[in-house]
Amino acid sequence: MLNYKKYKRVPVVDLPDRKWPDRQIQKAPVWCSVDLRDGNQALVDPMVVEEKIEFFNLLVKLGFKEIEIGFPSASQIEYDFLRTLVEKNMIPDDVRVQVLTQCRAHLIDKTFEAIEGIKNVIVHIYNSTSTLQRDVVFNMNREEIKQIAIDGTRMVKSHAADFKGNLWLEYSPESFTGTELDYALEVCEAVMDEWKPTKERPIIINLPSTVEMTTPNVYADQIEWMDTHFKNRESIILSVHPHNDRGCAVAAAELSLLAGADRIEGTLFGNGERTGNVDILTIAYNMFSQGINPELNLENVNEIIDVYERCCKMQVPERHPYAGKLVFTAFSGSHQDAINKGIKAMNERHPDTWQVPYLPIDPSDVGRNYEPIVRINSQSGKGGVAFIMDQYYGFKLPKEMHKELADEVQKISEKQGEVAPEQIMSVFRKMYVEAKEPLHFRKIRVEDISDQHDTFDTKVVLTYTDHGETKVIEGFGNGPIDAVKHGLCQQAGYNTRLTMYSEHALTKGSDSQAASYIQLVDAKTGKSAFGVGISSNITRSSVRAIFSALNRLYYGQ
Ligand SMILES: CC(=O)SCCNC(=O)CCNC(=O)[C@H](O)C(C)(C)COP(=O)(O)OP(=O)(O)OC[C@H]1O[C@@H](n2cnc3c(N)ncnc32)[C@H](O)[C@@H]1OP(=O)(O)O
Ligand SMILES: CC(C)C(=O)C(=O)O
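Residues numbered from 1 in each chain as written. Chains lettered and ligands numbered in written order. Predicted model: local features only at pLDDT ≥ 70, side-chain atom pairs only at ≥ 80, totals over all residues.

Describing the sheet that holds strand S5 (residues 166–174)
In any sheet, the strands associate via hydrogen bonds between backbone groups, in a parallel or an antiparallel arrangement.
Here comes step 1: Around the barrel, eight strands lie side by side as S1-S2-S3-S4-S5-S6-S7-S8; this closed barrel has parallel pairing. In this sheet, neighbouring strand axes are inclined to one another by 25 degrees on average, regardless of whether the strands run parallel or antiparallel.
Here comes step 2: Pairing between strand S7 (residues 236–242) and strand S8 (residues 263–266): two bridges, direction parallel. Across the sheet, Ser239 pairs through a bridge with Arg263, a residue of S8.
Here comes step 3: Each of strand S6 (203–209), S7 and S8 touches helix H9 (residues 249–258); the most contacted strand, S7, lies at about 165 degrees to it. (Pairing = 2+ DSSP bridges. Helix = DSSP H or I, 4+ residues; strand = E, 2+ residues; numbered from the N terminus. Axes fitted to C-alpha atoms, helices over the stretch in contact; angles between N-to-C directions. Contact = placed C-beta atoms within 7 Å.)

Considering the site of ligand 2
Here comes step 1: The environment of ligand 2 is formed by Asp38, Leu100, Tyr126, Ser172, Glu174, Asn206, Pro208, Thr210, His241 and His243.
Here comes step 2: Looking at the shell around ligand 2, the elements that each hand over two or more residues are S5 and S6.
Here comes step 3: Residues belonging to the shell around ligand 2 are distributed by class as follows: three nonpolar, five polar and two charged. (Near = placed C-beta within 6 Å. Nonpolar A, V, L, I, M, F, W, Y, C, P; charged D, E, K, R; others polar.)

Things to note about the UniProt feature "domain: Pyruvate carboxyltransferase" (unreviewed entry) in the chain
Here comes step 1: In the numbering adopted here, UniProt assigns the feature "domain: Pyruvate carboxyltransferase" (unreviewed entry) to residues 29–302.
Here comes step 2: A helix fraction of 45% and a strand fraction of 19% characterise residues 29–302, whose end C-alpha atoms lie 24 Å from each other. (UniProt positions renumbered as here; feature names shortened; annotations may be inferred.)

Observations concerning the packing of helix H13 (residues 382–393) against helix H15 (residues 421–433)
Here comes step 1: Their axes nearest at 10 Å, the elements H13 and H15 cross at an angle of 100 degrees. The angle between H13 and H15 falls in the class roughly perpendicular. Along the contact surface, H13 presents Val385, Ile388, Met389, Tyr392 and Tyr393, while H15 presents Pro421, Ile424, Met425 and Phe428.
Here comes step 2: Here the residues of the contact of H13 with H15 sort into nine nonpolar, no polar and no charged. (Parallel < 35°, antiparallel > 145°, perpendicular 65-115°, else oblique.)

Looking at the UniProt feature "binding site: Mg(2+)" (unreviewed entry) in the chain
Here comes step 1: Taking the UniProt record as the reference, the feature "binding site: Mg(2+)" (unreviewed entry) is found at Asp38, His241, His243 and Asn277. The named residues occupy 240 residues along the chain; their greatest pairwise C-alpha distance, 10.3 Å, places them in one compact cluster.
Here comes step 2: Looking at the secondary structure, you find Asp38 in helix H1 (residues 35–41).
Here comes step 3: By C-beta crowding, Asp38 is classed as buried, having 25 other C-beta atoms within 10 Å.
Here comes step 4: The contacts of Asp38, once residues within four sequence positions are left out, are Thr267, Gly272, Glu273 and Asn277.
Here comes step 5: Of note, His243 is situated in the loop between S7 and H9.
Here comes step 6: With 24 C-beta atoms counted inside 10 Å, the residue His243 sits in the buried group.
Here comes step 7: Apart from residues no more than four positions distant in its own chain, His243 is found in contact with Ser209, Thr210, Val211, Glu212, Ala249, Gly272, Glu273, Arg274, Gly276 and Asn277. (Buried ≥ 20, exposed ≤ 12 C-beta atoms within 10 Å, placed from the backbone.)

And the structure:
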């Protein structure tokens, strides 16, 4: 049995008048990508300079205005990358780059050496404040730990006096979620007392969920508590930095926005230590799906995946929100049916507002144009097969026909697994379009005889082969189809009723073709069959559909 007694609960926050549950997200926060630092430090093979440059350029293209580019005092690669950005003038003027350092003199000195020449920089210092780390890592009491933060701030301050560009300070009480709230507040305020931020030159106070330890509502309570207890709150940009140990980082980040956070640090696809940082893209796409401008350029998720996978040597999982290969695809019948009907209804009723069952966003909005929304396997139903026929090939099968074709496709999927659209099309062709024997329609002549006949106004002369033997018959009716049917009944003995007819121009493939669908019922036995005809001439496509139905009805095709 699992030894759950080994673990103890993390205390919750006593916040009876919490406000965040009644709020809604109204706008995008300040986004800060920490891919090149927190994401990078978790990689099996951290990025080399060229990869960091490619990733940095992607982040700029996506519209990030704050980018933590590394820990320049940690390694030569980190340092060289930063220097390359500066020397090659690659940092846009409207982007603030951020660098991380521990509160240690030699690391801060090196950091300032690295950032020389940057126009806008955020120097991010941190030290762990949690009860556990105070005890086992630092073996220091509360005052001593607070002093690390104060000393770090002082060191940055003394360097900042000589720094030529614009510089902001960010302070993180690392392991904030394992820190007593009153103590976290005390340390942050000690840093602020030292730094002296103003409304015009605010400090970034970043409250990381370094390890996600609780349900997201507790994190939100912690953030709201801090938000409402800070003195001089207007001189703070309140930032969060959730990790995903419990799989709830996105929820934690979203709830923290309700609780007062202004800024989110996270990574693309949630790469980062252990289970990762919060996935910024998911939060941004969530906003987008609610009609909120995410203020990032996220139209091409495939490009983001491409750069991410190449530089990080990580894979985006197939079920990853908004980005996974399978997230816009339905295999199951009822989902496919609802999507099929939903898209049709939306196009008819309100094409400007996306509302389709099972698809929270329009895949094409994020560049997933070629995504198969519907894929067919043994879990699929008739709606899905009809959707494929329409979306891929332009055949709008009458509802009556859906089941027959789907049953045939299902027989295949039960044997082989997924059935590709081409295979469905080939089944359709074989079943209907190629049902041309033994009755093979050759040609038709249509005459308008309206002033020569009382009830019928169309005469047809129909040539076809029956088991190879050529036959020519005449038929009269109130239109070509009716006349063909009468001719076949009276002169060839096929006594049928026509119970369904529909036709449409084919929108996909050859643009001048029409498709006709017919259902014939044998008047004596009641047996029925569908037929399909295709031709550039609507009369010929209809007659072909009749012959297809006859062959299937009487000759078992
Ligand atoms: C939650 C986070 O993600 S924080 C960011 C973590 N990222 C990284 O660590 C990646 C880059 N880091 C590195 O390359 C290295 O750790 C370096 C270069 C920064 C420092 O290297 P080293 O000094 O050789 O080793 P190390 O990191 O183990 O140093 C630990 C010492 O720093 C102290 N320390 C750790 N964090 C801090 C801090 N934020 N401020 C001040 N001192 C600190 C520890 O108490 C320990 O002190 P001790 O030597 O007296 O026991
Ligand atoms: C440095 C801090 C913000 C960090 O990376 C964390 O707490 O996860």
